[in-house]
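# Examination of the molecular architecture
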Amino acid sequence: MTNKLVIIERVPTIEEYTKLCTSVGWRSVMNFDVAHEALNNSLYGVVAIVSDEVVGMGRVVGDGSIYFYIQDIAVMPEYQNNGIGKEIMNSIINYLKTNAPAKAFVGLFAANGTERFYESFKLYRHNELTGLFRVI
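Source: prediction; values computed, not measured. (Residues numbered from 1 in each chain as written. Predicted model: local features only at pLDDT ≥ 70, side-chain atom pairs only at ≥ 80, totals over all residues. Heavy atoms only, no water.)

## Brief notes about the layout of surface pockets
Estimated volume of the largest pocket: approximately 1400 Å³. Together, 37 residues line the largest pocket, and Trp-26, Gln-71, Asp-72, Ile-73 and Phe-109 are the ones closest to its centre. Of all the secondary structure elements, the ones that give two or more residues to the lining of the largest pocket are helix H2 (35-40), strand E3 (53-62), strand E4 (67-75), helix H3 (84-99) and helix H4 (115-119). Among the elements that take part in the lining of the largest pocket, E4 stands out by supplying seven residues, more than any other. Among the residues making up the lining of the largest pocket, the classes are represented as 25 nonpolar, eight polar and four charged. In this model, the second largest pocket occupies a volume close to 790 Å³. Forming the walls of the second largest pocket are 19 residues, and the residues nearest its centre are Leu-108, Tyr-124, Arg-125, His-126 and Gly-131. (1 Å grid on protein atoms, 1.4 Å probe; cavity = no way out; pocket = protein on both sides within 12 Å on 5 of 7 lines; lining within 4 Å. Points joined across faces, edges and corners; volume = space filled by probe spheres on them. Helix = DSSP H or I, 4+ residues; strand = E, 2+ residues; numbered from the N terminus. Nonpolar A, V, L, I, M, F, W, Y, C, P; charged D, E, K, R; others polar.)

## Details of the packing of aromatic side chains
This structure, assessed with the given rule, holds six aromatic pairs. Ring geometry for Tyr-17 and Phe-32: centres 6.3 Å apart, planes at 80°, overall edge-to-face. Placement of Tyr-17 in helix H1 (residues 14-23) and of Phe-32 in the loop between H1 and H2 is noted, with a sequence separation of 15 residues between them. Exposure class is identical for Tyr-17 and Phe-32. Each is buried. Taken together through their ring pairs, the aromatic side chains of Tyr-67, Tyr-69 and Phe-105 make up a single cluster. (Phe/Tyr/Trp six-rings, centres within 6.5 Å; stacked < 30°, edge-to-face > 60°. Buried < 20%, exposed > 50% of the residue type's maximum accessible area, 1.4 Å probe, protein only.)

## So, H1
Owing to its 3.6 residues per turn, the α-helix aligns residues three or four sequence positions apart on the same side. Taken together, the buried positions of H1 are Glu-16, Tyr-17, Leu-20 and Cys-21. Within H1, the buried residues cover an arc of 125° as seen down the axis, which keeps them to one side. Against H2, strand E2 (44-50), E3 and E4 lie the buried residues of H1. (Arc of directions from axis to C-beta. Contact = heavy atoms within 4.5 Å.)

## Some thoughts on the sheet that holds strand E1 (residues 5-8)
The mixed open sheet is built from five strands, whose spatial order is E1-E2-E3-E4-E5. Here the strands that pair on one side only, and so sit at the sheet edges, are E1 and strand E5 (105-107). Across the sheet, the mean angle from the axis of one strand to that of its neighbour is 15°, orientation sign disregarded. Relative to E2, E1 is paired through four bridges, and the arrangement is antiparallel. By the bridge assignment for E2, Ile-8 is matched with Val-47. Across the sheet, H1 is in contact with E2, E3 and E4; its angle to E3 comes to roughly 100°. Sheet strands touched by H3: E1, E2, E3, E4 and E5. Its angle to E4, the strand with the most contacts, is close to 165°. (Pairing = 2+ DSSP bridges. Axes fitted to C-alpha atoms, helices over the stretch in contact; angles between N-to-C directions.)

So far we have only geometry, and geometry alone does not tell us how the molecule works.
Structure (structure tokens):
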């Protein structure tokens, strides 16, 4: 990557969010009609910018006291494997270290094949917990 990467602590705009979700193949599973409200309810957000274009994002959602979920880590495919996801996660981990109290639960759902990436940030499968979810 020849252009300078800039990480900015802010939630993506709805336009940026839609573009990034679409670029990574999430369009069919996202409800963009309510995404603006979801973005506004984020605890923390970060965007990655290259050449004045938002090419990546990440958010933290939750109650801000006990539960924190890392959400929407996405980097446009043509910018992947350049360390952008790592920089996004570093910003999120720094936010959590500063803002999450002792014994806070930090979770995320990872796409198949990305487990090792998240393990590098000390996020692991838990032998006694099983992640369950439902899409309505």
